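The residues making up each chain are set out below.
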Amino acid sequence: MTNQNVVVPDTQAAINMAITVAVSNSEIFTTAAPGGYISISRKKFLKNLEINGGARINAWVDSMRASSPTHIKSTPSLSDDQSSWIIHHPSALDMFEQIIEASKGKQIVMFLDYDGTLSPIVEDPDRAYMSDAMRKTVKSLARCFPTAIVSGRCRDKVYSFVRLAELYYAGSHGMDIKGPAKGSKYKKASAKGVLFQPASEFLPMIDEVYKKLVERTKSTPGAKVEHNKFCCSVHYRCVEEKKWNEVAQQVKSVLKEYPKLRLTQGRKVLEIRPTIKWDKGKALEFLLESLGFANCTDVFPVYIGDDRTDEDAFKILRERGQGFGILVSKFPKDTSASYSLQEPTEVMNFLQKLVEWKRHSLRGQAML
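Here is a short report on the structure shown in this document. Throughout, residues of each chain are indexed from 1 in the direction in which the sequence is written. At least 70 in pLDDT is required for a residue's local features to be given in this predicted model, at least 80 for side-chain atom pairs to be given and counted, and no such filter applies to totals for whole chains, interfaces and linings, which use all residues. Hydrogens and water molecules were not included; the side-chain quantities draw on all heavy atoms of the structure.

**With respect to a positive patch on the surface**
Inference 1: A cluster of basic residues, Lys 136, Arg 143, Arg 359 and Arg 363, forms a positive patch at the surface.
Inference 2: Of all elements in the fold, only helix 7 (132–144) and helix 13 (344–367) reach the threshold of two or more residues within the positive patch.
Inference 3: Secondary structure counts use DSSP, requiring at least four H or I residues in a row for a helix and at least two E residues in a row for a strand, with both numbered from the N terminus. Checked against the element boundaries, Arg 363 lands in helix 13. Surface patches are defined over residues having more than 30% relative accessible area and no salt bridge, joining like charges when they lie within 9 Å and nonpolar side chains (Val, Leu, Ile, Met, Phe, Trp, Tyr) when within 5 Å. Only the protein chains shown count as covering a residue, and every accessible area follows the Shrake-Rupley method with a 1.4 Å probe. Any Lys or Arg side-chain nitrogen found within 4 Å of a carboxyl oxygen on Asp or Glu counts as a salt bridge. For the charge count, each Lys or Arg is scored as positive and each Asp or Glu as negative, with His and the chain ends excluded. Positions of charges follow a simple convention, taking NZ of Lys, CZ of Arg, CG of Asp or CD of Glu.

Pasting the structure below:
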């Protein structure tokens with residue numbers, strides 16, 4: 001993600017599919033076809049989100065509604081759009097053989113988002129537990145391929161959910177990266193205990209913002225502020241829709257005090273984070289380099305995620321011309337991913353198929 005935009009989808013796709021949100025006197029928000037991404041010009045955003053900018057806040061709230069699955073479900077033409085969309089983003093399960101064929105002779109490296117990918121989306125973010133079956137699957141996956149969890153969550157919190165020491169963890173949208181504590185046969189000497197925190201100087205500022213967000217939102221029932229170390233998340237999943245305007249006002253009032261921070265938006269969450277040129281795509285590249293695959297042509301990265309922040313990683317894979325992205329979604333979305341899966345259960349099935357294929361391949365080699 002560049003420092004020019006608060007949220008950046010695939011540029012060409014956004015141009016082709018963008019529909020300006022119909023809000024009086026506001027053109028800073030645009031959204032794609034059903035379930036698409038909201039793009040926000042940072043220059044216009046900072047210029048227009050002044051303290052008395054009521055129309056601008058209305059636009060912000062409209063973008064919050066546009067990203068809500070409950071609103072997406074009510075779209076009349078969804079079935080037609082979904083049929084057309086799935087042609088261009090087929091199921092990774094249905095296309096498994098083709099995917100394996102494309103990866104032959106290359107080292108598969110796995111990158112996994114957490115919320116909505118390994119665990120279901122839940123009302124209370126502190127209860128986003130992954131199933132024992134999913135944990136067992138990811139553990140088996142890490143024995144077969146280098147595997148990283150890339151999340152907007154605080155790295156320590158993601159680790160407390162996953163509890164697998166053999167993985168790489170990239171928390172805070174990749175701003176807090178640590179290598180495996182044990183058990184990874186893929187860990188290079190240069191990657192041993194790798195720890196990378198490109199936004200360390202922002203830690204005191206994020207602490208301040210967290211306290212202010214907690215104070216500003218405490219009057220809104222259901223609003224929950226999460227401290228993710230290098231960013232702050234304001235969850236409004238449990239807030240009545242009629243009070244979303246309050247949440248937007250509260251977050252805006254804090255954001256305007258910190259020009260070195262920016263806004264991004266996920267699934268019923270508003271996030272404030274540093275304006276540095278770092279995102280999940282950059283984290284993917286850093287991890288590939290740490291693993292010794294920076295300039296290799298025989299590497300095959302696979303990134304699976306459900307959120308708009310994962311688009312940065314999908315886009316990097318398209319630009320590299322290596323591997324592919326898989327979007328986890330039941331609804332059509334503007335995306336740079338090549339394939340799709342509908343829910344975490346399908347993600348687990350796909351990962352299990354990868355493990356089974358790898359084990360079968362190794363057995364075949366052993367018999368030669």
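After that view, the rundown keeps rolling.
**Side note on the pattern of salt bridges**
Inference 1: The tally for this structure, following the rule as stated, stands at 20 salt bridges.
Inference 2: Put simply, Lys 157 and Asp 126 hold a salt bridge, and the shortest N to O gap is 3.6 Å. Pair noted here: Lys 157 is in helix 8 (residues 155–162) and Asp 126 is in the loop between strand 4 (107–112) and helix 7, with a separation of 31 residues, a long-range link.
Inference 3: Each residue gets one of three labels from its accessible area relative to the maximum for its type: buried under 20%, exposed over 50%, partly exposed in between, using a 1.4 Å probe on protein chains only. For Asp 126, a relative accessible area of 34% corresponds to the partly exposed category.
Inference 4: The salt bridge involving Glu 215 is made with Lys 218; its shortest N-O contact spans 2.9 Å.
Inference 5: In the salt-bridge network here, residues are joined through shared partners; they are Asp 115, Asp 126, Arg 153, Lys 157, Lys 224 and Glu 226.

**Structural notes on unusual backbone geometry**
Inference 1: Positioned with a positive phi, Ser 172 is a non-glycine residue whose angle comes to about 50°.
Inference 2: Looking at the element boundaries, Ser 172 is found in the loop between strand 6 (168–171) and strand 7 (176–178).
Inference 3: One non-glycine residue with positive phi stands out, namely Lys 229, at about 70°.
Inference 4: Tracing the chain through its elements places Lys 229 in the loop between strand 9 (224–227) and strand 10 (232–235).
Inference 5: Under the relative-accessibility criterion, Lys 229 is labelled partly exposed at 24%.

**Some details on the side chain of Asp 176**
Inference 1: Within the secondary structure, Asp 176 is located in strand 7.
Inference 2: Residue class for Asp 176 comes out buried when judged on its relative accessible area of 1%.
Inference 3: It only takes one pair of heavy atoms within 4.5 Å for two residues to be counted as in contact. Once residues within four sequence positions are removed from consideration, Asp 176 is found in contact with Arg 155, Tyr 169, Ala 170, Gly 171, Leu 195, Phe 196, Gln 197, Lys 229 and Phe 230.

Shape descriptors only; they carry no functional weight alone.
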